[in-house]
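One letter stands for each residue in the lines below.
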Amino acid sequence: PGSRWCHKHIHTLTLNFRGYKIWMQPERKQLCAAFNKLRKLFIHGIFIKFDQLWTLNLIEAAPSVETFDVEMFEHPCLEGDEERIRCFGAQRVEPSWKIPGFTSCQKWQLKEFQFGGFRPLLDHHLLFASTVMGRAPDLKTVLLTDGQYPCKGCEAMIPIPPPVGGFFPRDRDTQEAIVKQLREIGQSSAQIIFRGGSTHPSRATWSCIY
């Protein structure tokens, strides 16, 4: 998003940063006019090491959002890709304003929060998930998935680099510890689902519900 928001009513918005630069002009309450009917917000391609709290500025501008989907980007096979460097720049740049710039006077209507590429050993992932849970009183479902890493290009690398922040939790003990931590910090009773393989149930390899 390198251009200013178009001031018209939007119901679904998808942003994909493809793992590289994130640039957003913090227009504060100017966003509200365009986002007052937004119901679904998808923010994909956030580099795995980046903080995600800045995304809450968009939720604050659109408290009517019911589905919020954030997906991380982790593809070691694309490191040093000259074409991507030419298109997106050699350096990964994340927003310098990470904390929401304003607070909406309206209560969030968020009901479903999806977090693709969740890594429990990354503190900012746990902080982000618990923060969303704590600010959404009507939240019903939190879906945590392992994302798309590794792809065929990553699998062809020898050796295959371990994922940043550790592997997605698959054993019950680890999942239960994460659920307890998220619920205690976020003060939320929302259902928490761990899903491997895909966000979509029909293509998932396994799911655990808490």
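Along every chain, residues carry numbers that run from 1 in the direction the sequence is written. Restriction of local features to residues with pLDDT of at least 70 applies here, the model being predicted, together with a cutoff of 80 or more for giving and counting side-chain atom pairs; totals for whole chains, interfaces and linings are based on all residues. No hydrogens and no water enter the side-chain calculation; it runs on all heavy atoms of the structure.

**Things to note about the confidence of the model for the protein**
Moving on, step 1. When the pLDDT values of the protein are averaged, the result is 81; 74% of them are 70 or greater.
Moving on, step 2. pLDDT runs from 0 to 100 and stands for how confident the predictor is about each residue. Between two residues, a contact is recorded if the distance between any of their heavy atoms is within 4.5 Å. Every residue in residues 1-5 scores below 50 in pLDDT, and together they form 13 contacts with partners more than four places removed in sequence or on other chains.

**Some remarks on the nonpolar core**
Moving on, step 1. In this description, a nonpolar core means a group of buried Ala, Val, Leu, Ile, Met, Phe, Trp, Tyr and Cys residues linked to one another through side-chain atoms lying within 4.5 Å. Categorising residues by exposure relies on relative accessible area from a 1.4 Å probe, with only protein chains included: less than 20% of the type maximum marks a residue as buried, more than 50% marks it as exposed, and the intermediate range marks it as partly exposed. Ranked by internal contacts, the top residues of the largest apolar core, which has 49 residues, are Phe68, Phe113 and Phe194.
Moving on, step 2. Secondary structure elements are defined from DSSP: runs of H or I of at least 4 residues count as helices, runs of E of at least 2 residues count as strands, and each element is numbered from the N terminus. Among the elements that take part in this core, helix H4 (residues 123-135) stands out by supplying five residues, more than any other.
Moving on, step 3. Leave out the neighbours within four places in its chain, and Phe68 touches Leu41, Ile43, Thr55, Leu56, Ile59, Leu110, Glu112, Phe113, Gln114, Phe128 and Val132.

**What to know about the pairing of strand E1 (residues 12-16)**
Residues in a regular strand point their side chains to alternate faces of the sheet.
Moving on, step 1. Residues of E1 alternate between two faces, with Leu13 and Leu15 buried on one and Thr12, Thr14 and Asn16 left unburied on the opposite face.
Moving on, step 2. As judged from the five bridges shared by E1 and strand E2 (residues 40-47), these two strands associate in the parallel manner. Residue pairing across strands places Asn16 opposite His44, the latter belonging to E2. Whether two strands pair comes down to DSSP finding at least two bridges between them.

**Looking at the packing of aromatic side chains**
Moving on, step 1. In summary, the pairing rule links any two rings of Phe, Tyr or Trp, Trp by its six-membered ring, whose centres are within 6.5 Å, and it sorts them by plane angle into stacked for under 30 degrees, edge-to-face for over 60 and tilted for everything else. Counted under the stated rule, the structure contains eleven aromatic pairs.
Moving on, step 2. Ring plane angle 90 degrees and centroid distance 5.5 Å describe the contact between Phe115 and Phe128, whose orientation is recorded as edge-to-face. Placement of the pair is Phe115 in strand E4 (residues 112-116) and Phe128 in helix H4, with a sequence separation of 13 residues. Note on accessibility: Phe115 and Phe128 belong to one class, buried.
Moving on, step 3. For the ring pair Phe194 and Tyr210, a centre distance of 5.8 Å and an interplane angle of 90 degrees mean the geometry is edge-to-face. Placement of the pair is Phe194 in strand E6 (residues 191-196) and Tyr210 in the segment after strand E7 (206-209), with a sequence separation of 16 residues. Of the two residues examined, Phe194 and Tyr210, each falls in the buried class.
Moving on, step 4. Pairwise contacts between aromatic rings join Phe68, Phe113, Phe115, Phe118 and Phe128 into one cluster.

**Regarding the environment of Ala33**
Moving on, step 1. Along the chain, the position of Ala33 falls in helix H1 (residues 30-35).
Moving on, step 2. Each C-alpha atom of the pair Ala33 and Ala62 lies 9.1 Å from the other, and the pair is 29 residues apart in sequence.

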